[in-house]
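Fold and contact review
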Amino acid sequence: MAFPNPFFTSSGTRRSVRLRWFLVIPFVLQIFGAVAATGALSLRNGRSAVTELGTKLSQSLAERIEEQVQDYFKTAQLMLHNSAVAIQQGGLDPNDFQRLQPFLWEQAALSPVVKTLYFVNPAGYLLQVERQGVPSISVRTAATAPNWEVYQANETGDRGPLLRREPFDPRDRPWYQTTITQGELTWSSVYVFANPTVPGITGARPLYDRDGQLTGVLALDLQLTEIDRFLKRVARNLPGQVEIVDGTGKLVASSTDAPVYAGSGAAARRLGPGDSADPLLRATGRTVQLALARGLTERQRTAVIDPETGDRLFIELVPLAGPGPRSWLAAVILSEDQMLARIGDQTRWTIILCSAATALAALLSVLTARWLAQPISRFSGAAEAIARGQLDQRLPPSAIAELSELATTFNGMADRLAETFAAWETAKDKLERAIAERTTDLRYSEERFATAFRMSPYPIAISLLPEGTLIEANDSFLMALGRSAAEVIGKTADELNIWHDPRERDRVLLAVRQRGRAIGQEVSLRTGDGQRRLVLVSAEPIRLDDRDCILWVGNDITERKRAEDALRQSERYLRLILDSIPQHVFWKDTDLRFLGCNKNWAIAAGFRSPEEVVGKTDFDLPIDPAAAAAFQEQDRRAIELDRPIFHAIAPKLRPDATGETIWLDISKIPIHDDHGHVIGILGVIEDITLRRRAETALEIEREKSERLLLNILPRPVADRLKEEPNLVQSGELRAPIADQFDEVGILFADIVGFTPLAARLSPIEMVTWLNRIFSGFDTLADDLGLEKIKTLGDAYMVAAGLPTPLADPAEAMADMALAMQGVIRQFEGEFEGRFQHPLQIRIGMNVGPVVAGVIGLKKFIYDLWGDTVNVASRMESQGEPGHIQVTELVYGRLRDRFIFERRGEIVVKGRGPMMTYWLRGRRDVPN
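All values reported here derive from a predicted model rather than from experimental measurement.

Further remarks concern the pairing of strand β5 (residues 136-140). One face of the sheet, then the other: side chains in a regular strand alternate in exactly this way. With five of its five residues buried, β5 lies for the most part within the structure. Across the two faces of β5 the burial is the same, with Ser136, Ser138 and Arg140 and Ile137 and Val139 all buried. The pairing of strand β4 (residues 126-130) with β5 spans five bridges and is antiparallel. Across the sheet, the residue bridging to glutamine 128 is serine 138, located in β5. Here β5 pairs with strand β6 (residues 147-153) via four bridges, running antiparallel.

This is the structure:
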């Protein structure tokens, strides 16, 4: 087999080069020359740019680093200055840690740089706030020395749980001693913080009072991790590293991942560049040390050779004004190998892109040549095909005008040839097409009938008339009988024993003869295994293959009949259940007409049976029209909102002769169809009159018990016993109830001479007079918001500020004492006229902390304990009739609002000499 030559073509004895190669080769040679020249220039100029690029890059980075470090420390210095000025000129006592703590907490939130502020006074007392990591408050006071205590702080700066306690004296720290010695803002050397383990520096400033005396030192901890992160950001894509060292030659920060310190906690130590794990930092260690030794004061550029790798390193050294007494030094290190490697990467990409561009250009040249040569080749091939008798040749139009005109001319010639041959074939084609269409229609009709017969879900069979032999049966018919086609075809229905009652077959055939067809006749048929099935049978005579036949179609309704019977049985059971439950049940449609109800609802509504309710509305019931309208509105809202209504309580007058009010619990639930649409509403009504009466009686008894309990105990204590029932079990107090109150007024009062007089009075008279007097006192206590504690004989005790705190319990108790004297004056005349005995009262008052609660196992009583109570009792017992004796503490609280008379010192049992005063009245007239 001979293959065509892709480069040359022959015409007789002459060989010619193909057109496409004349177009491709010049283009490809031009592209290769341009790409080769571009690549050579790129490689030659790449290395010469390394030195210039390194110089500019290192200068730019050095300027950014110098600016960042200066701003970092200026921010910290400004924060120390502002805090010191605020303390010295704002009148804030730095030794008042309660006021200083929120101030330092807010100051530490002002800057993203400084998060730790603290104050130390000459006594070694310390207050420190830290707002990073786990926020904390640290204190060292006289109560904690020689330790300091570190507390976790919440988001508002308040102390939380204690984290740790350990020995610490800030006065031993070098930064404190240096600041005290120099008397101005000082910075410590860089050191490694213990917790967290990071490099940092401490700045401190002394504080003086107006007399020039030292009041303490205000300091801050400045972590240098921000500088470290800044170096990593600026050197992220740098072909080298950046480092900062302090005056001692130790690393402060670097752009590498290698740490600037070794160890952790208190054992951590700083590293120098020569100790670093990074090879570039190690290579610059000696250069940095020499620059520090010479005291470098201006920028210096140098180049060194890495002894480990032989790499040439460009180093930019920048002196930095450090925060301490010694300057820092920043070094920008650029690796020539890394820069050349990056340029090499770019060069490789340049070569790859140039190669790709060359390949793409060559491909486009080939495609262009093919685009020009292909129409001409197509024209040649079409002409040869027409010569061989293939007249359907067509040439597509071309983008080249000359070739497009040639294609149009060629296509016209081919069309005229094709029209001539097409006319010869037209007549024969029409005849063949008519025959094929008729054949197709007949075949399609037969196929449709056969498909419908075979695929019908209904059993279908065809039998001959009059003998009844089955000649066709579909799969549904065979499945219904449980037989195969071989067992059925050619047999009669009698032979197959299909008809359960032959008279039913005769009835169907009679209907066919009389009416021409039988539709939906219900008959009983027998399956192959003897089961009886109910079937709706339809029959119609047909003509098939010149024979009289009958077409049988069945519909098995056995399961439907069973379902209908089961539904009727379920309806009977449901009706029995609905009529047996005690609740009243009804259901309505969306027009709010009753569709049904149970017997209890019908009887309650005044009907004899549920059937009488169907079709009626609420307005047809023997109820008030307003109530009917309310029921309909409630039903309509439940249907429109598709929202059930549960346990709506409504009163109703009983429809019988009694007319008494009954209470109904009503629930109404929307009814949905299978698509979720509301089609009605179901209502359930329960008579809860007996339960309502029981609940009302129970509520009355509960209120009685509540009032009785509040006459024994204060409301907060009573509420606590009710809310925590486990405190009291089997009538016993499982745990004591006790509360501390820091500011409570206590008053004791005693009716003078009433005990001896009781011997002359009957018990009823004595108790009656005490009840009248103490009832007046109780009214005063309620009006003033005080708590009556107890009465003991003719003594009365009352407290102010518990269990509910008061703004000024001393003032409230003073008003109570003066008002009690007024109550005594109201009864004074009647009492003296009745018993010829003066009625006087002796009152004592005190104010202070107490413990209040309930103790014991039985007969609970709310009582008070503490020195404040004992002193108040002594004020009463050692007072004088008709007077109100108070302590000096009460006098100090109320002397601007009340009138007092100094009694002088008295010897109080258990306390010794005490200064006391007589309360005479108010300075102003109360509203």
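Moving on: the environment of tyrosine 458. Mapped onto the elements, tyrosine 458 comes out in the loop between α8 (401-455) and β19 (460-464). Measuring from C-alpha to C-alpha, the distance between tyrosine 458 and aspartate 556 comes to 8.0 Å, with 98 residues separating the pair along the chain. Once residues lying within four places of it in the same chain are set aside, the contact partners of tyrosine 458 are Asn474, Ser476, Val553, Gly554 and Asn555.

Note: strands within a sheet are paired through backbone hydrogen bonds, in either parallel or antiparallel orientation. The antiparallel open sheet is built from five strands, whose spatial order is β13-β12-β18-β17-β16. Strand pairing shows two members of the sheet lacking a second neighbour, β13 (251-254) and β16 (300-305), which therefore form its edges. Strand-to-strand twist across the sheet, computed as the mean angle between neighbouring axes with direction ignored, equals 25 degrees. As judged from the three bridges shared by strand β12 (residues 240-245) and β13, these two strands associate in the antiparallel manner. Paired with isoleucine 244 across the bridge in β13 is alanine 253. Its contacts with the sheet place helix α4 (residues 225-234) against β12, β13 and β18 (328-335), and it is angled at close to 40 degrees to β13.

A few words now on the pattern of salt bridges. In the structure shown here, the tally under the stated rule is 35 salt bridges. Between glutamate 522 and lysine 561 there is a salt bridge, with its nearest N and O atoms 4.0 Å apart. Residue glutamate 522 is found in strand β21 (residues 518-526), and its partner lysine 561 is found in helix α13 (residues 558-580); the two are separated by 39 residues along the sequence. Residue classification places lysine 561 among the partly exposed residues on the basis of a relative accessible area of 27%. Of the charged contacts in the structure, one is a salt bridge between glutamate 830 and arginine 772, with a shortest N-O distance of 3.2 Å. You can see glutamate 830 sitting in helix α20 (residues 809-835) and its partner arginine 772 sitting in helix α19 (residues 763-784), a full 58 residues away along the chain. The exposure class assigned to glutamate 830 is partly exposed, which follows from its relative accessible area of 42%.

Our next topic: unusual backbone geometry. In the segment running from alanine 145 into proline 146, the intervening peptide bond is cis, with an omega of 10 degrees. Locating proline 146 in the fold gives a position in the loop between β5 and β6. The amide bond that connects leucine 802 to the next residue, proline 803, takes the cis arrangement and shows omega of -10 degrees. Of note, aspartate 545 is a non-glycine position whose phi angle comes to about 55 degrees, a positive value. Tracing the chain through its elements places aspartate 545 in the loop between β22 (532-544) and β23 (547-556). The backbone of aspartate 546 sits at a positive phi, close to 60 degrees, despite the residue not being glycine. Turning to its location among the elements, aspartate 546 is positioned in the loop between β22 and β23. With relative accessibility at 67%, the residue aspartate 546 sits in the exposed group.

Below, the discussion takes up the sheet that holds β22. Spatial strand order, β20-β19-β23-β22-β21: five strands in an open sheet with antiparallel pairing. Looking along the sheet, the strands with just one partner apiece sit at the ends: β20 (470-473) and β21. Pairwise comparison of adjacent strand axes, ignoring direction, gives a mean angle of 30 degrees for this sheet. Pairing analysis gives three bridges linking β19 to β20, with the strands arranged antiparallel. Note on β20: the bridge partner recorded for serine 463 is leucine 470.

Counting residues in each nonpolar core, the largest one holds 54 residues, and the members touching the most others are Ile65, Phe73, Leu100, Leu222, Leu224, Ile244 and Trp328. The biggest single contributor to this core is helix α1 (residues 19-89), with eleven residues. Among all residues touching leucine 222, those that are not within four sequence positions of it are Tyr72, Phe73, Ala76, Val113, Val114, Trp187, Phe193, Gly200 and Ile201. Leu747, Leu780, Ile841 and Phe900 belong to the second largest nonpolar core, which has 44 residues in total.

Next up on the list: helix α15 (residues 625-641). Helix length check: α15 (17 residues) gives 24 Å between terminal C-alpha atoms against 24 Å at 1.5 Å per residue, within 8%. Among the residues making up α15, those that are buried are Ala628, Gln632, Gln634, Asp635, Ala638 and Ile639. Along the axis of α15, the buried positions cluster into a sector of 160 degrees, meaning they face one direction only. Residues of α15 that are exposed and angled more than 90 degrees away from the buried face: Ala626 and Glu640. Just downstream of α15 lies aspartate 642, where phi reads positive at about 50 degrees.

Next up on the list: the packing of α19 against α20. Where α19 meets α20, the axes come as close as 10 Å, and the angle between the chain directions of the two elements is 155 degrees. With respect to α20, the axis of α19 lies roughly antiparallel. At the point where α19 passes α20, the crossing takes the right-handed sense. Contacts between α19 and α20 involve Glu765, Trp769, Arg772, Ile773, Gly776, Phe777, Leu780, Ala781 and Leu784 on the former and, on the latter, Ala812, Asp815, Met816, Ala819, Met820, Val823, Ile824, Phe827, Glu830, Phe831, Arg834 and Phe835. Residue composition of the contact of α19 with α20, by class: 15 nonpolar, one polar and five charged.

Rules and cut-offs
- Residues numbered from 1 in each chain as written.
- Predicted model: local features only at pLDDT ≥ 70, side-chain atom pairs only at ≥ 80, totals over all residues.
- Heavy atoms only, no water.
- Buried < 20%, exposed > 50% of the residue type's maximum accessible area, 1.4 Å probe, protein only.
- Helix = DSSP H or I, 4+ residues; strand = E, 2+ residues; numbered from the N terminus.
- Pairing = 2+ DSSP bridges.
- Contact = heavy atoms within 4.5 Å.
- Axes fitted to C-alpha atoms, helices over the stretch in contact; angles between N-to-C directions.
- Salt bridge = Lys/Arg side-chain N within 4 Å of Asp/Glu carboxyl O.
- Core = buried A, V, L, I, M, F, W, Y, C linked by side-chain atoms within 4.5 Å.
- Expected span 1.5 Å × (residues − 1).
- Arc of directions from axis to C-beta.
- Parallel < 35°, antiparallel > 145°, perpendicular 65-115°, else oblique.
- Left-handed = near helix turned anticlockwise from the far one by under 90°.
- Nonpolar A, V, L, I, M, F, W, Y, C, P; charged D, E, K, R; others polar.

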